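The primary structure of each chain is shown beneath.
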Amino acid sequence: MINLLPTPKKYEILDEKYHAIPAAVYTDVADWSDVQEGFCESFEKVFEEELAVSCDAGIRLVLDGTLAANAYTIDSTDRLVIRAATREGVLYGLASALQLMQYQGGELSVQSLQIHDWPEKEFRAFMIDVGFCWQPFEKMLKYIDLCFLYKINHLHMHIADNVCYSLPSKAFPKLTSKKHFTYEQIAEMNRYAKARGILLVPEFECPGHAESLNRTYPEIFSNHAEGESGKFYNELGDPINAGALVCAGSEVAFEGVKTLLAEIVELFPDAPYIHIGGDEAPCEMWNQCRDCRAYMQAHGIKDAHELYSEYVGRVAAYVLSLGKTPMVWEGFPKESSHYVPKETVVIAWESHYQLCTELLENGFKIINASWQPTYLVDSLTRRWGPEDLLNWNVYNWQHWWEHSVARLNPINIQPTDDLLGATMCSWGLTYEQHISRLLENFPAFAERTWTVERKLSFEDYKKVFRKVLRRAAWLVQDK
């Protein structure tokens, strides 16, 4: 059994004993120079020693055009040779090498083995909440390190919520919260993530979760409600916070949202996706907003729920015009899905607003964020561990919530390429509150998203996990 998570598709251990190799790395592929530099940074974090760059290297990175774009091979019968056709592949190989190597007394050593590996799902993500619960810049780099180690190739950043807006803004400077990332920090995050093959996914939440917008610029984003009592309730009878909803009928509000999205695209030039939120919007109050009523009448929209889909579609279309793929949470009703561009990727999480099966039938590509067991939340009664994750797979949705279809009847769908992958989400937790749970659950999530078919029993998984954990712990420790 190989001491590597996620478990590779094909491998053979030729000799259990470790043999010494020169403690250096080298590649002559010009496009991989930052990859090599990033690996040296990771090596120093794990082993507390600098890794040399030398032609006489024990770790060699070789371009091999015969391999698939996301695949890599490792052959360590002599030195540790990683072959790949792309940056993506070579980074997966380096992540494996970081787990497999030993380093002691200035000497690097490896077992003699051969690996041929690749991911089955293209989207494997960790979502961290910085718009509701602040995460310092230094901790964000640690999340990127963990993603690299376990081949989680997307870091989804929930940057805006009711509490704060964590980015700088030239157009709306009052919006930027006291705790926020600077332009220099964002540039470094982009560099750091790119060198480790991690794609950042910034999320600007709208039309709901927008209290920070209405609090700082009510003259631009707020609704003009004309309800009899000024109190509003959603379809479940829960009270609505009118201040948490962007006006969908105001052209001024929509131009403001477009301006912020354009700023985000400029801040994150390498991001393939821009997440636009789209969930939990208390849209019922739009029926009592004079601007929204006028917009619905002018565009033949029958009610607020249809306006909800139309609004999400407008925002998604604008993201497409910026050259990015829009991403949203499951939230808009199936009856008006035609408003939303089919290029939009939908994260199916609640199994309440629109089921994963319905989203697929309506022509969308989807991502699994099944609340149970992938969520990390501030709760003592609803916690899931690595065994729960190993018993789950990317085609399965479960939930504890009484209003979710997946509570009593977990949803299982047939394998399809229209399911791009899965996301693990962390909500409302500081780094200190959840890092232990993340270290425990993250490799199990990686194991079940890298390969659909389960490879390890829980007992075997625990044996490998104990050996790999030390590497992850060194990456995230404060030094």
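Bear in mind that the values here come from a model prediction, so they are computed numbers and not experimental data.

## A closer look at unusual backbone geometry
And then number 1: A cis amide bond links L5 to the next residue, P6, at an omega of -5°.
And then number 2: The omega torsion across Q372 and P373 is 20°, close enough to zero to call that bond cis.
And then number 3: By the element assignment, P373 lies in helix α11 (residues 371-374).
And then number 4: The phi angle at K151 is positive, at roughly 60°, despite the residue not being glycine.

## A short note on a negative patch on the surface
And then number 1: Together, E44, E48, E49 and E50 make up a negatively charged patch on the protein surface.
And then number 2: Considering the arrangement of structural elements, one finds E44 in helix α1 (residues 33-47).
And then number 3: You can call E44 partly exposed: its relative accessible area is 39%.

## Structural notes on the environment of Y72
And then number 1: The residue Y72 is located in strand β5 (residues 72-75) in this model.
And then number 2: By relative accessible area, Y72 is classed as buried at 0%.
And then number 3: Taking the C-alpha atoms as reference, Y72 lies 6.2 Å from V90; in sequence the two are 18 residues apart.
And then number 4: Those residues in contact with Y72, other than ones at most four positions away along the chain, are L4, L67, R83, G89, Y92, G93, S96, I115, H116, D117, K151 and W450.
And then number 5: In this structure the side chain of Y72 is engaged in a polar contact, spanning 2.7 Å, whose partner is the side chain of S96.

## Some thoughts on the pattern of salt bridges
And then number 1: This structure, assessed with the given rule, holds 15 salt bridges.
And then number 2: A salt bridge links R196 to D145; the shortest N-O distance between them is 3.4 Å. You can see R196 sitting in the loop between α4 (183-195) and β11 (199-206) and its partner D145 sitting in helix α3 (residues 137-149), a full 51 residues away along the chain.
And then number 3: The closest approach of N and O atoms between E459 and K462, which form a salt bridge, is 3.2 Å.

## Some thoughts on the packing of aromatic side chains
And then number 1: On inspection of all chains with the given rule, the structure shows 26 aromatic pairs.
And then number 2: Their ring planes at 15° and their centres at 6.4 Å tell us that F458 and Y461 sit as a pair that is stacked. Of the two residues, F458 and Y461 both sit in helix α14 (residues 458-476), three residues apart, roughly one turn of that helix. Accessibility assignment for this pair places F458 and Y461 in one class, buried.
And then number 3: Considering the side-chain rings of Y461 and F465, the 5.9 Å spacing of their centres and the 15° angle between planes classify their relative orientation as stacked. Of this pair, Y461 and F465 both sit in helix α14, four residues apart, which is roughly one turn of that helix.
And then number 4: A relative accessible area of 1% means that Y461 is categorised as buried.
And then number 5: Taken together, the ring pairs in this structure connect W329, W349, Y353, W371, Y375, W400 and W427 into an aromatic cluster.
And then number 6: In this structure, K9 packs its charged tip against the face of W118, placed 5.5 Å from the ring centre.

## A short note on the packing of α1 against α4
And then number 1: Look at α1 against α4: their axes get within 8 Å of each other, and the N-to-C directions meet at 95°. When the axis of α1 is compared with that of α4, the two are roughly perpendicular. Across the interface between the two elements, D34, V35, E37, G38, E41 and K45 of α1 pack against R191, Y192, K194 and A195 of α4.

Reading the values: rules and limits
- Residues numbered from 1 in each chain as written.
- Predicted model: local features only at pLDDT ≥ 70, side-chain atom pairs only at ≥ 80, totals over all residues.
- Heavy atoms only, no water.
- Helix = DSSP H or I, 4+ residues; strand = E, 2+ residues; numbered from the N terminus.
- Patch = residues over 30% accessible without salt bridge, like charges linked within 9 Å, V, L, I, M, F, W, Y side chains within 5 Å.
- Areas by Shrake-Rupley, 256 points an atom, 1.4 Å probe, with all protein chains shown as cover.
- Salt bridge = Lys/Arg side-chain N within 4 Å of Asp/Glu carboxyl O.
- Lys, Arg positive; Asp, Glu negative; His and termini not counted.
- Charge placed at Lys NZ, Arg CZ, Asp CG, Glu CD.
- Buried < 20%, exposed > 50% of the residue type's maximum accessible area, 1.4 Å probe, protein only.
- Contact = heavy atoms within 4.5 Å.
- Polar contact = N/O pair within 3.5 Å; in protein donor to acceptor, adjacent residues only side chain to side chain.
- Phe/Tyr/Trp six-rings, centres within 6.5 Å; stacked < 30°, edge-to-face > 60°.
- Lys NZ or Arg CZ within 6 Å of the ring centre and 35° of its normal.
- Axes fitted to C-alpha atoms, helices over the stretch in contact; angles between N-to-C directions.
- Parallel < 35°, antiparallel > 145°, perpendicular 65-115°, else oblique.

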